[in-house]
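# Reading the structure
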Amino acid sequence: MEASAPEETGADADLPGPPRGNNELLGVADEDDQMEEFLGPQGEYNEEEEERKYYRRKRLGVIKNVVAASLGAMMVYSVYMGGLLQMQLILHYDTTYREVKYSSLGLEDIDRKMLMGINVTPIIGLLYTPVLIRFLGTKWMMFLASGIYALFVSTNYWERYYTLVPSAAAIGVAIVPFWASLGSYITRMAQQYYEYVHYREEHVQEQKKLPKGACHRYIVVFQSLFNGIFTLSFVFAEFPMRFVLNRHLNSNNHILHNVHTCGANVTGLIPGFNNTILYRLPSSMLLIQVESVLMGFAFLAMVIFLVLCGAAYRPTEEIDLRSIGWGNIFQLPFKHLRDYRLRLLCPFFIYSGFETLFAVTGFSLTFGVCVLGLDKLWLLVLVYGLSCSVFSSLSLSLLRFPRWLCLMAGAAVHGVLLVVLLALPFSPNQPQLLGPLLLISALWGLGSALNKTGVSTVLGMLYAEEKERLDFIYAIYHWWQAIAIFIVYLWSNLPMRAKLSILLATLLLASYCYWLMERRLARKVGFRLPRIPRPRHKVKGYRYLEEDNSDESDSEGEGHRPEEMEGEDGVGEQPAGAQEAASPAALRRAAEIHRGRRDEAPLKE
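Procedures and definitions
- Residues numbered from 1 in each chain as written.
- Predicted model: local features only at pLDDT ≥ 70, side-chain atom pairs only at ≥ 80, totals over all residues.
- Heavy atoms only, no water.
- Disulfide = S-S within 2.5 Å.
- Helix = DSSP H or I, 4+ residues; strand = E, 2+ residues; numbered from the N terminus.
- pLDDT = per-residue confidence, 0-100.
- Contact = heavy atoms within 4.5 Å.
- Axes fitted to C-alpha atoms, helices over the stretch in contact; angles between N-to-C directions.
- Parallel < 35°, antiparallel > 145°, perpendicular 65-115°, else oblique.
- Left-handed = near helix turned anticlockwise from the far one by under 90°.
- Nonpolar A, V, L, I, M, F, W, Y, C, P; charged D, E, K, R; others polar.
- Patch = residues over 30% accessible without salt bridge, like charges linked within 9 Å, V, L, I, M, F, W, Y side chains within 5 Å.
- Areas by Shrake-Rupley, 256 points an atom, 1.4 Å probe, with all protein chains shown as cover.
- Salt bridge = Lys/Arg side-chain N within 4 Å of Asp/Glu carboxyl O.
- Lys, Arg positive; Asp, Glu negative; His and termini not counted.
- Charge placed at Lys NZ, Arg CZ, Asp CG, Glu CD.
- Buried < 20%, exposed > 50% of the residue type's maximum accessible area, 1.4 Å probe, protein only.
- Phe/Tyr/Trp six-rings, centres within 6.5 Å; stacked < 30°, edge-to-face > 60°.
- Lys NZ or Arg CZ within 6 Å of the ring centre and 35° of its normal.

As used in these notes, a disulfide is a covalent bond between sulfur atoms, one from each of two cysteines. One pass over the structure, following the stated rule, counts one disulfide. Two residues, C262 and C370, share a disulfide whose sulfurs are 1.8 Å apart. One disulfide, between C262 and C370, carries an S-S torsion of -75 degrees and so falls in the left-handed class. Of this pair, C262 sits in the loop between α13 (252-255) and α14 (284-308) while C370 sits in helix α17 (residues 340-372), and the two are 108 residues apart along the sequence.

Once that is clear, we can look at the confidence of the model for the chain. Taken as a whole, the chain shows an average pLDDT of 82; of its residues, 80% reach a score of 70 or greater. Of all helices and strands in the chain, the one with the weakest mean pLDDT is helix α23 (residues 576-582) (41), whereas helix α22 (residues 496-522) scores best (95). Below pLDDT 50 for its whole length, residues 600-605 participates in zero contacts with residues either more than four positions away or in separate chains.

Attention now moves to the packing of helix α6 (residues 125-136) against helix α8 (residues 161-197). Two elements in contact, α6 and α8, have axes separated by 9 Å at closest approach and are oriented at 50 degrees. On the basis of their axis angle, the class for α6 and α8 is oblique. Here the hand of the crossing between α6 and α8 comes out right-handed. Residue-level contacts link G125, Y128, T129, L132 and I133 of α6 to G172, V173, V176, P177, A180 and S181 of α8. Residue composition of the contact of α6 with α8, by class: seven nonpolar, four polar and no charged.

At their nearest, the axes of helix α7 (residues 138-154) and α14 sit 9 Å apart, and the two run at 170 degrees to each other. On the basis of their axis angle, the class for α7 and α14 is roughly antiparallel. Side by side, α7 and α14 meet where K139, W140, M142, F143, S146, G147, A150, V153 and S154 of the first sit next to E291, L294, M295, A298, M302, F305 and L306 of the second. Within the contact of α7 with α14, the residues separate by chemical class into eleven nonpolar, three polar and two charged.

Moving on, we get to the environment of E318. Relative to the assigned elements, E318 resides in helix α15 (residues 315-322). Sequence spacing of E318 and G137 is 181 residues, and the spatial spacing of their C-alpha atoms is 7.5 Å. Apart from residues no more than four positions distant in its own chain, E318 is found in contact with G137 and Y313.

The subject of this paragraph is a positive patch on the surface. Where like charges cluster on the molecular surface, the positive patch consists of R343, R519, R520 and R523. Tracing the chain through its elements places R519 in helix α22.

One non-glycine residue, N429, lies in positive phi territory at about 55 degrees. Examined against the element boundaries, N429 turns out to sit in the loop between α19 (404-423) and α20 (434-462). What makes N429 partly exposed here is its relative accessible area of 27%. In this structure, K524 is a non-glycine residue whose phi angle is positive, near 60 degrees. Along the polypeptide, K524 turns up in the loop between α22 and β1 (527-529). Judged by its relative accessible area of 63%, K524 is exposed.

Quick look at the packing of aromatic side chains now. Inspection of the entire model under this criterion finds 33 aromatic pairs. Residues Y77 and F178 carry aromatic rings whose centres are separated by 6.4 Å and whose planes lie at 15 degrees to one another, so their mutual orientation is stacked. You can see Y77 sitting in helix α3 (residues 47-93) and its partner F178 sitting in helix α8, a full 101 residues away along the chain. Positioned over the ring face of W378 is R242, at 5.1 Å from the centre of the ring. Cation over ring: R520 sits above Y340, and NZ or CZ is 5.2 Å from the ring centre.

In this section: the pattern of salt bridges. Side chains that differ in charge, positive against negative, can pair when their charged atoms come close. Tallied over the full model, the rule gives ten salt bridges. Across the pair E49 and R52 runs a salt bridge, and its minimum N-O distance is 2.3 Å. Separated by three residues within a single helix, E49 and R52 lie in helix α3, roughly one turn from each other. You can call E49 partly exposed: its relative accessible area is 27%. As a salt-bridge pair, R403 and E518 come within 2.9 Å of each other at their nearest N and O atoms. Of the two residues, R403 sits in the loop between α18 (377-391) and α19 while E518 sits in helix α22, which places them 115 residues apart along the sequence. By the burial criterion, R403 is buried, and E518 matches it. Where salt bridges share partners, they join R188, E195 and K467 into one cluster.

Next up on the list: the environment of L249. Secondary-structure assignment places L249 in the loop between α12 (239-243) and α13. By relative accessible area, which is 12% here, L249 ends up buried. For the pair formed by L249 and Y279, sequence separation is 30 residues and the distance between their alpha carbons is 5.1 Å. When neighbours within four sequence positions are excluded, L249 is seen to be in contact with M241, I277, L278, Y279, L374 and D375.

Quick look at the structure:
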């Protein structure tokens with residue numbers, strides 16, 4: 001028994017035991033478990049909730065873009081109108097100011113050429129606006145145009161022919177691209193908002209064409225918000241007049257001493273208006289301070305466009321928009337005029353330009369200043385701007401009522417006011433008529449709000465699903481407005497009764513044409529839209545991860561197709577076989593099949 005004990009002990013010693021590196025292996029296993037727990041699906045992570053939060057941030061970003069674009073446009077035009085329409089022209093009109101400060105400069109001649117540059121150069125805007133927007137993009141076009149407005153304000157520091165006239169001509173060049181970019185940007189934001197709200201829909205995930213009428217409610221809301229903010233520019237533009245120039249004006253008895261008639265019986269603006277309207281000249285340091293404040297707001301508007309406004313299109317969409325060829329981009333605005341919807345809306349485009357300029361020049365001067373005096377000019381324009389801003393919210397009624405209600409209501413308001421202005425007699429220097437004239441100004445602002453918001457909303461509804469056509473459509477709209485501005489510039493010496501009659505005739509024609517357009521659409525009469533050419537890229541190293549490669553050039557195999565007759569949905573119908581044969585993916589598949597058959601032939605032999 002004693003001898004066996006050591007043997008048992010030795011046997012026990014020879015038995016295999018646990019490995020020595022057990023602790024190390026356990027440590028590795030623990031690290032693997034921790035790594036798998038870290039990289040694996042988390043129990044607390046909710047994918048649907050995170051996706052919902054992500055698209056909520058996207059929707060808030062779209063609202064931020066709309067508000068930023070509206071504030072930027074409001075600041076630009078507050079500075080532009082406050083620096084040009086009032087301060088500059090009123091100071092340059094005064095004979096004493098011109099003789100004391102600029103005796104040999106000829107400011108009166110410079111002002112005429114400056115106004116000519118602003119009003120005449122937009123006529124050619126349709127030739128280059130789509131090209132600029134396609135090349136720069138909507139956001140950068142708005143930023144560049146706001147920089148041109150800031151350049152014009154800066155020229156007031158050194159008022160000379162070679163500073164004022166070229167900068168005024170540059171503003172004329174930038175007017176149509178600026179407003180076309182704004183209109184396209186607001187409509188595109190409505191499309192984006194719809195996509196972020198319905199991000200689970202199949203057509204949104206596959207980036208297909210939106211269903212007809214899908215984003216109309218967002219267009220109504222965003223256009224109302226934009227016009228409500230932008231028209232406050234008429235309010236802020238009056239601050240230099242109210243707080244600076246009004247303290248230097250002569251009395252109304254002196255300014256209106258030789259004025260004998262007002263209103264519809266006037267020829268020109270205000271015949272007999274005294275050309276010494278300043279009681280004392282404002283100091284140069286005061287004018288420099290005012291210009292510095294205006295320049296500060298102009299630069300702030302540029303920063304808002306640059307920093308706060310997001311892109312309107314995805315990078316791939318921007319590439320496609322620019323890659324259809326410069327010749328096609330140049331021709332497409334003129335081809336879009338074959339669409340009867342745009343042709344029948346053109347009278348409303350023209351009237352939209354007429355009525356705004358009549359409110360800030362014709363009515364404010366011939367009826368307001370002539371009757372109340374120059375010191376009440378700021379009040380008339382301020383009431384008009386506040387009315388426009390407040391009543392822009394009435395366009396939200398289009399969420400429940402048909403789209404014709406907004407335009408027709410605005411036309412009815414303006415029609416009644418034009419008849420009243422034609423019928424009522426007015427005499428100079430009658431302060432007791434302040435109340436009635438302020439009421440007319442507020443009602444005209446009501447009509448302007450319905451008109452401006454209605455036209456932009458109708459255009460957005462008609463072309464909301466056509467992303468690639470928006471810049472052409474809004475370029476046509478604001479080009480016709482530029483034509484109206486040029487006509488107003490030409491008729492400045494006509495009798496006021498003739499101007500009011502032209503306004504009334506244009507309004508009646510615009511209302512009839514719009515009724516005709518809605519009637520044709522209700523009867524589902526087909527309209528004609530030009531085909532947007534396929535992207536023709538020359539860059540070979542970049543490819544989209546899609547079956548139908550929109551980045552590949554197929555100009556060698558695809559011939560020119562004629563324009564399409566489109567139906568109510570705005571989409572031309574083509575045979576399925578023709579679409580399949582025209583796609584680059586089908587051509588590649590056919591080439592691979594042909595190559596495979598050619599390789600198999602020697603093997604069979």
